[in-house]
Each structure stands twice: as structure tokens, then as C-alpha cells.
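If you want the building blocks of each chain, they are given just below.
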Amino acid sequence: MIRAGVVGWPVGHSLSPKLHGYWLEKYSIDGEYVKIPVDPGDFEAGIRALAGRGFSGFNVTVPHKEAAFGLMDEVDSAAKRLRAVNTVTVRPDGGLHGANTDGFGFAENLKAGLGRPALPEGPALVIGAGGAARAVVGALMDEGADHIRLANRTAERAERLAAELGGPISIVDWDRRDGELADVALVVNCTSLGMAGSPPLEFSLSGLAPDAVVTDIVYAPLETPLLAAARARGHRTVDGLGMLLHQGRPGFERWFGVAPEVDGRLRARMVEALGQ
Ligand code: ATR
């Protein structure tokens, strides 16, 4: 029996067991994927113990992604860039390999949602400068984005992100975030605004070209006020749930040996689990 799981604190709300559980069943794999609550105070001992307990690997979620980065024996380029790890694989020698698949999940979700092999061509506007925005900006750079504009309420955070990631990034004033949209091909909300219980993101789409795409990393609700407004204007929209589903693929493949697919039934199950 192959064992994997998700490490977090708290971890009760994690949808990852449903995601990996679906794939385990679909591919008839003798494996399990469990929730592993690990207190931040015991993090290092907690994750080292998992390797000894026969785990093939595990996902890492809030608040441990940065701490996990510091404990890895080896990391992939995305983790190095983000200084955060969400996918850990126990190597045959017991060492820990850390990856960050959030950016991969973002790009794969967008391509799948649009039914295209590449992201929209033209400048992208990213709103937010937290961990999710970092992953998204990194993915856009990897996908060859020619220009990324970044708007964040706290300007210094956006400036730091741009300086740390390098790349073709310019900073847009928060108050002017929807000011110059005519050439923007893609708008990505990477803030928590629009999430159930949070106020919506105030953003006027009126300057956006009709063929521009709007996407959100928030997936509860599935259709955020931003996406609803974009859809009403006729823009193509992609919701954030797929980012969660696609980011799980590389870990599943590493631990369980099968490259899993994000199919319609999986999405329906996850929507049901979200209670929507
Ligand atoms: P994550 O790692 O999920 O990205 P985070 O690091 O807490 O989470 O980042 C949250 C993002 O939402 C930030 O860009 C934050 O802006 P600040 O850097 O100015 O805090 C943004 N955000 C959250 N609440 C906001 C609000 N009420 N108005 C504007 N931006 C908000």
C-alpha cells in the first residue's frame, strides 16, 4: 500500500484527500491519501517522521509551505523561485525532494479552461502580490508572457515580488488597477477578494477588449463577482477550482506512478464537496 497525504494546520478543510482519493479509485491503485495535522511548533520532527512511517510523499499546505522549503534536501526550480514547497517526495535514500506545483496548476487550468495549448498572447494583469500571485507570475514567465503588470494594495509587496522574480514585470498603482486595460489579454485575480466572506474585488472591466480572458484563483464561490461581471460582458472566464485540481497532478504521479487526468467527474465531485 502506497501512502501519501497532506500536511497542514489546521488541515480539516483540505480538499486534497477528495482529489487524490478520486484518482486512487479511478486508477485502482492500492494506496491511501490522508490528512496529517502537524502543529507549526513540531513541523520539522513531524515531517521527518513521515518519511520513517513509510510515506512516499505528501502535499504541504498553509501555514507550512515556507518552512517546508527550508527542510528539503533538493528542490525544483519553481520551489526555489517561490521559496515555498507544496509537494514533497521521499527519495529512495530517505532525502526529501520539494516541488512547487501551484504555478503549473494555474497554467494547466487556464489552458484546459480555454481549450488552447498556450496562454492568451499579450500583456497580463495580475492583481495581488501574496504567495498565490508569486506562483501565477512565475507561471506566466515560464509560459513566455511578454509583459506582466502587477497591482497590489500594498505597493512595496508588488515591488518586492517583481524584484525577486525578475522578468518583464511593471507595477500598476492600486488605485489605477483598472485604468489601462485596452491591450490587456488576461486579468488574474490573485487576492482573496471575492471569496465567500470577503468583499468583492472592485474592478471595472469597461476598458477591457472583448477577447480578453478573466480568471480568478478564488474558487469558493466558483463564480466570483469578478467572473460574473466578466461573463456578463461576454469575456471568456476560467474559475479557480481547476488550479487546485491540476496542481495535484505532479505529486500523484510521483507517489503513485500514474499520470492522472482532471476529468469532468472529478470536477463535479469537487464542486459537490464545496457545497455549491
Ligand atoms: P496568498 O498566499 O493566498 O496569496 P496572502 O499572501 O495573504 O495570501 O495574499 C493575499 C493577497 O490579497 C495580497 O495581495 C493582499 O494584498 P496586501 O499585500 O496589500 O495585503 C490581497 N488582499 C487581501 N485583502 C485585501 C483587501 N481588502 N483589499 C485589497 N487587497 C487585499
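As the structure is a prediction and not an experimental result, all values here were calculated from the model.

Procedures and definitions
Residues numbered from 1 in each chain as written. Predicted model: local features only at pLDDT ≥ 70, side-chain atom pairs only at ≥ 80, totals over all residues. Heavy atoms only, no water. Pairing = 2+ DSSP bridges. Helix = DSSP H or I, 4+ residues; strand = E, 2+ residues; numbered from the N terminus. Axes fitted to C-alpha atoms, helices over the stretch in contact; angles between N-to-C directions. Contact = heavy atoms within 4.5 Å. Core = buried A, V, L, I, M, F, W, Y, C linked by side-chain atoms within 4.5 Å. Buried < 20%, exposed > 50% of the residue type's maximum accessible area, 1.4 Å probe, protein only. 1 Å grid on protein atoms, 1.4 Å probe; cavity = no way out; pocket = protein on both sides within 12 Å on 5 of 7 lines; lining within 4 Å. Points joined across faces, edges and corners; volume = space filled by probe spheres on them. Nonpolar A, V, L, I, M, F, W, Y, C, P; charged D, E, K, R; others polar. Domains from an automatic or database assignment. Phe/Tyr/Trp six-rings, centres within 6.5 Å; stacked < 30°, edge-to-face > 60°. Parallel < 35°, antiparallel > 145°, perpendicular 65-115°, else oblique. Left-handed = near helix turned anticlockwise from the far one by under 90°. Buried area = accessible area lost by both parts, 1.4 Å probe. Salt bridge = Lys/Arg side-chain N within 4 Å of Asp/Glu carboxyl O.

J.: Explain the sheet that holds strand E12 (residues 236–238) to me, and be specific about the residues and the numbers.
T.: Strand order in the open sheet made by the six strands is E9-E8-E7-E10-E11-E12, with parallel pairing throughout. The open sheet has two free edges, formed respectively by strand E9 (169–172) and E12, since each of these has just one partner strand. Looking at each pair of strands side by side, their axes are set apart by 20° on average, direction ignored. When strand E10 (residues 186–189) meets strand E11 (residues 213–216), the two strands line up parallel, connected through four bridges. In the strand pairing of E11, Asn 189 is matched with Asp 216. Its contacts with the sheet place helix H6 (residues 131–142) against strand E7 (124–127), strand E8 (148–151), E9 and E10, and it is angled at close to 165° to E7. Across the sheet, helix H8 (residues 225–232) is in contact with E10, E11 and E12; its angle to E11 comes to roughly 160°.

J.: So, the sheet that holds strand E6 (residues 96–99): which residues are in play, and what are the values?
T.: An order of E2-E1-E3-E5-E6-E4 is seen for the six strands of this open sheet, with the pairing classed as mixed. The sheet is open, and its two borders are formed by strand E2 (31–37) and strand E4 (74–75), each paired with just one other strand. With four bridges connecting them, strand E5 (residues 87–90) and E6 associate as antiparallel partners. Residue pairing across strands places Thr 87 opposite Ala 99, the latter belonging to E6.

J.: Give a detailed account of the nonpolar core, specifying residues and quantitative values.
T.: Phe 106, Leu 110, Val 126, Val 136, Val 137 and Leu 140 are the most contacted members of the largest nonpolar core, which has 27 residues in total. When residues of this core are traced back to their parent elements, those giving at least two are helix H5 (102–114), E7, H6, E8, helix H7 (155–165) and E10. Here this core gets five residues from one element, more than from any other, and that element is H6. What Phe 106 contacts, discounting residues up to four positions off in sequence, is Val 136, Ala 139, Leu 140, Val 188, Thr 215 and Met 243. With 20 residues, the next largest nonpolar core counts Trp 23, Tyr 33, Leu 222 and Met 270 among its residues.

J.: Break down the layout of surface pockets for me, citing the residues and quoting the values.
T.: There is about 1500 Å³ of room inside the largest pocket. Elements supplying a minimum of two residues to the lining of the largest pocket: strand E3 (55–60), helix H3 (65–71), H6, H7 and helix H9 (241–247). Of all the elements, H6 adds the most residues to the lining of the largest pocket, at four residues. Grouping the constituent residues of the lining of the largest pocket by class yields 23 nonpolar, 17 polar and eight charged. Both of domain 1 (2–101 + 248–274) and domain 2 (103–240) provide at least three residues apiece to the lining of the largest pocket.

J.: I'd like a rundown of the packing of aromatic side chains, residues and numbers included.
T.: The full count for this structure, using the stated rule, is five aromatic pairs. On the numbers, 6.3 Å between centres and 35° between planes, the contact of Tyr 33 with Trp 255 is tilted. Highlighted residues: Tyr 33 in strand E2 and Trp 255 in helix H10 (residues 249–256), separated in sequence by 222 residues. The interplanar angle of 45° and the centroid separation of 4.8 Å between the aromatic rings of Phe 252 and Phe 256 together place this pair among those described as tilted. Taken as a pair, Phe 252 and Phe 256 lie in helix H10 at a separation of four residues, close to a single helical turn.

J.: Give a detailed account of the packing of helix H1 (residues 16–26) against H10, specifying residues and quantitative values.
T.: Look at H1 against H10: their axes get within 11 Å of each other, and the N-to-C directions meet at 50°. Comparing the axis directions of H1 and H10 gives the class oblique. Viewed along their axes, H1 and H10 form a crossing whose handedness is right-handed. Along its contact with H1, which presents His 20, Trp 23 and Leu 24, the element H10 presents Arg 249, Phe 252, Trp 255 and Phe 256. In terms of residue class, the contact of H1 with H10 is made up of five nonpolar, one polar and one charged.

J.: Summarise the domain arrangement of the chain; cite the residues concerned and give the values.
T.: In terms of domains, the chain is made up of domain 1 (2–101 + 248–274) and domain 2 (103–240). Look at where the C-alpha atoms of domain 1 and domain 2 centre, and you get two points 26 Å apart. With ten residues of domain 1 at the contact, the number on the domain 2 side is 14 residues. The junction of domain 1 with domain 2 conceals about 980 Å² of combined surface from both sides, 57% of it contributed by carbon and sulfur atoms. Area buried by domain 1 at its contact with domain 2 is led by Arg 81, Leu 82 and Arg 249, which between them contribute 50% of it. Viewed at the interface, domain 2 and domain 1 are joined by three salt bridges. The salt bridge partner of Glu 108 is Arg 249, with a shortest N-O separation of 3.0 Å.

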